[in-house]
Amino acid sequence: MNPDVPAPDDATAGWWEATTEHRLVVQTCRGCGHAQHPPRAVCVACSATDALELVDAEGRGTVDSWTVVHRAPRPEVPVPYTVARVRLAEGPILLTVIDSPDEPRLDDPVEVAWHDLPDGRALPIFRPAPDREA
Amino acid sequence: MTAVAIVGAAECDLGVTDKSILTLQAQAVTRALADAGLTLADVDGFATTGVSRFSATQLADYFAVEAAWTDSTFAGGCAYEMMVARAAQAIAAGQASTIVISFASNQRSARSRKLGGVVFENTPEAQFETPYDPLNPISYYAMAAQQYLGRFGGTREQLAEIAVAAREWALLNPKAFRYGAGPLTVEDVVGSRMISTPLTAADCCLVTDGGGAVVLTSLERARDLARPPVVVLGYGERSTNTSMTAVDDLTTTGAAGSGADAFARAGITPADVDVLEVYDSFTITAALSVEDLGFCGRGEVLDFIADGRIRPGGELPLNTSGGGLSYCHPGQYGVLLLVEAVRQLRGECGERQVPGAEVAVAHGTGGILSAHATVVLGVDR
């Protein structure tokens, strides 16, 4: 992963702040209940600009799709690694990596883990989740 | 509305050119104008991108034309299909009379392509996606392919048919980068170097220099020019996403809406299409386009393209130049879809000519399945 993550902006500062405590949050509209990612200045479901708040996410989701990258985008990146879209229980989809020696399958349950950045923030990554029933 | 036609079409030098972007643009524009029997003195509108910050204005400067109309819409590879719609509207409205749509790139000579892609630092993608090092655009298309194969039960071998068929066409096109390279087999494609699963190097388009241009004017004027007019019958477009997480379902794209609009405007259905030129940045791009444009049902494209249907002599001639996979891919390939469609409708394609082609569709895709634009072209009846 690239440690050189751009600084947060006004719309994303709270989201990144939560990552310093390893909390995954999802921007949610108090007015209509819509959950969206990335955080932005408007609720895309109801157009509200004054009703958005960051709500703690459960930290669970499923693999929506994935790809194992075999060619490094930068020389210092070790390959292979698994990039995935994870659909959070709250609805929004996150781009992330799956930290596991095994290839995932579509719809596999996953749970959040954290990759710490040098500046104190952290990137949410995901790992296979033990089956809830188990 | 005033009917508009394409009256000139040409490529610039293709492959490895060691020429500047503007020199290649000059080749494309002057060759397309010569094809139409026109000169720069006839041109009052430019549409282009990929030149500079003010791309179309840059061309007006370069060619010393005070343009009455320009369009620098930047939407990746489908921008040129979008520009046909804009140009047809401008000509019909009387704002311009003769418009050149062009693109050229020297990306192979200049080694300017990067696997991680180009992401502006001020976008959400830079904060929320780039840190995970997806290849851009490849990994997004790879995830679309993975989801499609998983949901509908297809195989990489079935998907490889897009590349295999493109090579068959390229072997008939002397201008194709892979002309003379010999046939490509399914085993070659799936056994090629893995880039981002399930896509191998052979599922990915070429990286070449190249480009082209088309010239548009009113159909009325077109009938007095050098070549048989190719009439703009319909167009449509959709813009859906820049991020890798905005689209809910990766197995269907904006091509569905874009195609439906274009076909409705033209008053045709997929059954009326004689030649189909779709964007094949990756095998999956072309497969999703064929399906979303309505040539087969949902989840059916891999069965649909089997058995030679899209190869030379098949029922649905697809990417008859050899496509971005085997002919030329200069980074934004959309203008070359138009050039090939025009040539097929004029009957100029030699060995790869589709006999009696009267309706052709050019469908572009930009970015990471971000933008989609369809143009329906037909012979003058």
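None of these values were measured; they are calculated from a predicted model.

Colleague: Residue-level account of the overall build of chain A, with values.
Modeller: Secondary structure summary: chain A contains 1 helix and 8 strands in total. Ordered by position in the sequence, the α and β elements of chain A form the string α-β-β-β-β-β-β-β-β. A buried classification covers 34% of the 134 residues belonging to chain A. Expressed as a percentage of contacts within chain A between residues at least 6 apart in sequence, the contacts between residues at least 24 apart total 50%.

Colleague: Can you explain the domain arrangement of chain B? Please cite residues and give values.
Modeller: Residues and elements named next belong to chain B. Per the domain assignment, the segments of chain B are domain 1 (4–108 + 209–234) and domain 2 (124–206 + 236–379). Between the C-alpha centres of domain 1 and domain 2 the distance comes to 23 Å. Facing 36 residues of domain 1, the contacting portion of domain 2 comprises 40 residues. Sorting the residues of the side of domain 1 that touches domain 2 by element identifies β1 (4–11), α3 (79–93), β4 (99–105), β7 (210–218) and β8 (230–239) as the ones contributing at least two each. If you tally residues by element for the side of domain 1 that touches domain 2, the top one is α3, at 6 residues.

Colleague: Run through the interface of chain B and chain A, naming residues and quoting values.
Modeller: Taken together, the contact pairs 27 residues of chain B with 27 residues of chain A. Residue assignment for the side of chain B that touches chain A shows that the elements contributing at least two residues are α5 (124–128), α6 (138–152) and β5 (194–196) of chain B. Ranked by residues supplied to the side of chain B that touches chain A, first place goes to α6(B) with 6 residues.

Colleague: With reference to specific residues and values, describe the sheet that holds strand β2 (residues 35–36) of chain A.
Modeller: Residues and elements named next belong to chain A. Overall, antiparallel pairing links the 3 strands, which are arranged β2-β1-β3 in an open sheet. Each edge of the open sheet is held by one strand with a lone partner, namely β2 and β3 (52–56). Where strand β1 (residues 25–29) and β2 come together, 2 bridges link them in antiparallel fashion. Across the sheet, residue Gln-27 finds its bridge partner in β2, namely Gln-36.

Colleague: Please give an account of unusual backbone geometry that cites residues and values.
Modeller: With an omega of 0 degrees, the peptide bond running from A:His37 to A:Pro38 counts as cis. Locating A:Pro38 in the fold gives a position in the loop between β2 and β3. Omega for the peptide link from B:Thr197 to B:Pro198 comes to 5 degrees, which places this bond in the cis form. With respect to the helices, strands and loops of the structure, B:Pro198 is situated in the loop between β5 and β6 (199–200). Not every positive phi belongs to a glycine, and B:Ala64 is a case in point at roughly 55 degrees. Within the secondary structure, B:Ala64 is located in the loop between α2 (55–62) and β3 (69–71). Residue B:Ala64 is classed as exposed on the basis of its 7 C-beta neighbours within 10 Å.

Colleague: Report on the sheet that holds strand β2 (residues 45–48) of chain B, specifying residues and quantitative values.
Modeller: Residue and element names in this part refer to chain B. Taken together, 9 strands build an open sheet; the order of strands is β3-β2-β4-β7-β1-β8-β11-β10-β9 and the sheet is mixed. Each having just a single partner strand, β3 and β9 (275–278) make up the two edges of the open sheet. Here the strands of the sheet are splayed against their neighbours by 25 degrees on average, with no regard to which way each runs. Relative to strand β10 (residues 359–366), β9 is paired through 4 bridges, and the arrangement is parallel. Within the sheet, the bridge partner assigned to Leu-276 lies in β10 and is Val-361. On the sheet, helix α1 (residues 21–36) packs against β1, β4 and β7 and is oriented at approximately 130 degrees with respect to β1. α3 contacts β1, β2, β3, β4, β7, β8, β10 and β11 (371–379) of the sheet and is inclined by roughly 160 degrees relative to β4.

Colleague: I'd like a description of the packing of helix α11 (residues 255–266) of chain B against helix α12 (residues 283–292) of chain B, backed by residues and values.
Modeller: Relative orientation and spacing of two packed helices are given, respectively, by the angle between their axes and the distance between those axes. Residue and element names in this part refer to chain B. Interaxial distance between α11 and α12 falls to 8 Å at its minimum, and their mutual angle equals 45 degrees. It follows that α11 is oblique to α12 by the angle criterion. Handedness of the crossing formed by α11 with α12: right-handed. On the side of α11, the interface is formed by Ala-255, Ala-256 and Gly-259, while α12 contributes Leu-288, Ser-289 and Asp-292.

Colleague: Requested: an account of the packing of α3(B) against helix α15 (residues 334–346) of chain B, with residues and values cited.
Modeller: Taken N-terminus to C-terminus, the directions of α3(B) and α15(B) make an angle of 65 degrees; their axes are 6 Å apart at the nearest point. On the side of α3(B), the interface is formed by B:Ala79, B:Tyr80, B:Glu81 and B:Val84, while α15(B) contributes B:Gly334, B:Val335 and B:Leu338.

Colleague: Describe α3(B), naming the residues involved and giving the relevant values.
Modeller: Residue and element names in this part refer to chain B. The terminal C-alpha atoms of α3 lie 21 Å apart, and with 15 residues this matches the ideal 21 Å at 1.5 Å per residue to within 8%. The element α3 is largely enclosed, with a buried count of 12 among its 15 residues. Within α3, burial applies to Ala-79, Tyr-80, Glu-81, Met-82, Met-83, Val-84, Ala-85, Arg-86, Ala-87, Ala-88, Ala-90 and Ile-91. Trailing α3 by a residue or two, Gly-94 shows a phi angle of about 85 degrees, which is positive.

Calculation rules
Residue positions are given per chain, counted from 1 along the sequence in the order it is written. Think of it this way: whatever chain is written first is A, whatever ligand is written first is 1, and the rest follow in order. Given that this is a predicted model, residues contribute local features only at a pLDDT of at least 70 and side-chain atom pairs are listed and counted only at 80 or more, while totals for whole chains, interfaces and linings are drawn from all residues. For the purposes of this entry, the term helix denotes a DSSP run of H or I that reaches at least four residues, the term strand denotes a run of E that reaches at least two, and both are numbered from the N terminus. Field definition: a residue is buried when 20 or more other C-beta atoms are found within 10 Å of its C-beta, exposed when 12 or fewer are, and partly exposed for counts in between, with C-beta atoms placed from the backbone. Contact criterion: two residues are in contact if their C-beta atoms, reconstructed from the backbone, are within 7 Å. Note: domain ranges come from an automatic or database domain assignment. Whether two strands pair comes down to DSSP finding at least two bridges between them. Axis definition: a line fit to C-alpha positions, over the contact stretch in the case of helices; interaxial angles, taken between N-to-C directions, run 0 to 180 degrees. Reported orientations rely on four angle classes, namely roughly parallel under 35 degrees, roughly antiparallel over 145, roughly perpendicular from 65 to 115, and oblique for the rest. Whether a crossing is left-handed or right-handed is set by the direction in which the near helix is turned from the far one by less than a right angle, anticlockwise for left-handed and clockwise for right-handed. Multiply 1.5 Å by the residue count of a helix minus one, and that product is the helix's expected span.

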